[in-house]
Amino acid sequence: MPVADESEGPARGIEEHTAAAVPLLAPADGVPPVLETAAAVAEAADRLAAGSGPLAVDAERASGFRYSNRAYLIQLRRQGSGTFLIDPVPVDGGLAPLAEAINDLEWVLHSADQDLPGLAELGLRPARLFDTELGGRLAGFERVGLAAMVEKLLGRELRKGHGAADWSTRPLPADWLNYAALDVELLLELREKVAASLEDQGKTDWAAQEFEHVRTTEPAPPKADRWRRTSGIHTLRRTRQLAVVRELWSARDQVARHRDVAPARVLPDSAIIAAAQADPKSIAQLRALPIFGGPRQRRYSRDWLAAVERARALPDSELPALTQPYDGPPPVNRWERRDPAAAARLTRARAAMSELSQAYTIPVENLLTPDLLRRLCWDGLPEYRSGTVPDNPDQAIDDYLKSGGARPWQRELADPRLVTALFDADQSS
């Protein structure tokens, strides 16, 4: 285990560029053509297989525009092979040669959890992973965006561009493709700098455990009652209104899924809330509301009104509760009233984790997920209710954290601190 260093400053041991960053305006070898056929992808696969070292990977999606999370452009770069831009949409099932060439490699991504699910849908899955964003967090960087890290470690300026654009657009504009190619231009060099920093701080194994966790974790299933996240729902005070929100949200989701359009572009949340408040009885009343009278909404008027009518016809026993049932502990601001002892445990545990975060220059949320810490402090151990101390407190806490997905390095650091916070303090009070 690395020894905690209380010296100030993030990312100790990192060689930083202090001179003005040099703008990186275009790839050194120019923007490659977009590959749109199975034959072109197979040729690229052969060239990538002939390269050496890790593979830089990025993908562009159309979040906010499309319902799906699919990749609409894939960027790949490997030493000795160059950069490739692949449009997976027209290639369809022709990515098998690419998967065969790259799936056994170490992939280097920045914020890998954003892109891995969409790439997996295409049959592209890495055998090993290095996440420069996550590695930067563990190495103590205050700013872990790709542009910030490239500037700090490589002295180059990556100008912000089109990351939030609609990448389902065809044809893709030339400046978008330039931006996309630049995203992998320096990713392999960045990986080496981040890896060196982690090695200097004795965090290489910790990072490896985190990367493997990201690589192997399956996407979480959709949460129940997602409709409760409708913006503005907190303004509603009646269960019948919540039922309208639920029915309209579900109807919108069906349309969005069928059209592969982001739900907010089908019907904004503000319109759903307005309908729940107004309770329209006819299409005319519905279209009199903001948004619903627009030309894009009028063709769905019968669907939206039918959703409102379904909510109106529900018996009281089938109406949703005003508040969402808890999946785990209640909101922290209610702990003091409901369980003062648990509130005190959480305060001490948070303080212990904050000290650990400062000692090892790792964000506290990367030491343990806040949700897991809350669950541990609320009712994670049966001894809380009996007022006793486990026979082996360290083992009891370790078992709980392990069951919650905490990695070995996290438990090794957190266990002794949490034993002191949760039990030693009780003994001395």
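See the structure printed just above.
What this report covers is the structure whose coordinates are included nearby. Sequence order as written defines the numbering, with residues in each chain counted from 1. Owing to the predicted nature of the model, reporting of local features is limited to residues with pLDDT of at least 70; listing and counting of side-chain atom pairs is limited to 80 or more, with chain, interface and lining totals taken over all residues. Each side-chain value is derived from all of the structure's non-hydrogen atoms; neither hydrogens nor water enter the calculation.

### Focus on the side chain of Glu185
This is how the line gets drawn: For helices the rule is a DSSP run of H or I covering at least 4 residues; for strands it is a run of E covering at least 2, with both sets numbered from the N terminus onward. Burial here depends on accessible area, computed with a 1.4 Å probe over protein chains only, as a share of the maximum for the residue type. Under 20% is buried, over 50% is exposed, and the range in between is partly exposed. Counted as a polar contact is a pair of N or O atoms within 3.5 Å, where, for protein atoms, one must be capable of donating a hydrogen and the other of accepting one, and residues adjacent in sequence contribute only when both atoms are in side chains. The contact rule is simple, with two residues in contact once any of their heavy atoms fall within 4.5 Å.
Turning to its location among the elements, Glu185 is positioned in helix H7 (residues 174-185). Note on Glu185: relative accessible area 7%, which makes it buried. A distance of 3.0 Å separates the side chain of Glu185 from the backbone nitrogen of Ala28, its partner in a polar contact. Sequence-distant contacts of Glu185, defined by excluding residues within four places in its chain, comprise Leu24, Pro27, Ala28, Arg77 and Thr83.

### Re the nonpolar core
Spelled out, the test is: Nonpolar cores are built from buried Ala, Val, Leu, Ile, Met, Phe, Trp, Tyr and Cys residues. Side-chain atoms within 4.5 Å join them into one set. Where a domain begins and ends is set by an automatic assignment or by a domain database.
With 86 residues, the main nonpolar core has Leu98, Ile102, Trp107 and Leu418 as its most contacted residues. Of the residues forming this core, the biggest block, eight residues, is contributed by helix H17 (residues 340-360). Residues from two domains meet in this core; each of domain 1 (25-216) and domain 3 (332-424) gives at least three. Ignoring sequence-local partners within four residues, the contact set of Trp107 consists of Leu55, Val57, Ile102, Leu116, Leu119, Leu124, Arg125, Pro126, Arg128, Leu129 and Phe130. Counting 32 residues, the second-largest nonpolar core is a separate cluster that includes Ile233, Val266, Ala275 and Leu305.

### A short note on the packing of helix H5 (residues 132-139) against helix H8 (residues 187-200)
What counts, and what does not: To get an axis, a line is fitted to the C-alpha atoms, and for a helix only the part in contact is used. The angle between two axes follows their N-to-C directions and goes from 0 to 180 degrees. Note that the term roughly parallel is reserved for angles under 35 degrees, roughly antiparallel for angles over 145, roughly perpendicular for angles of 65 to 115, and oblique for everything else. Left-handed is the label given to a crossing in which the near helix is rotated counterclockwise from the far helix by less than a right angle, and right-handed is the label when the rotation is clockwise. Following the grouping adopted for this structure description, the nonpolar residues are Ala, Val, Leu, Ile, Met, Phe, Trp, Tyr, Cys and Pro, the charged ones are Asp, Glu, Lys and Arg, and the polar ones are all others, Gly among them.
Taken N-terminus to C-terminus, the directions of H5 and H8 make an angle of 25 degrees; their axes are 10 Å apart at the nearest point. Our classification of the angle between H5 and H8 gives roughly parallel. As for the relative orientation of H5 and H8, their crossing is left-handed in sense. Packed against H5, whose contacting residues are Thr132, Gly135, Gly136, Leu138 and Ala139, the element H8 presents Leu187, Leu190, Arg191, Val194, Ser197 and Leu198 at the interface. Class assignment for the residues of the contact of H5 with H8 results in six nonpolar, four polar and one charged.

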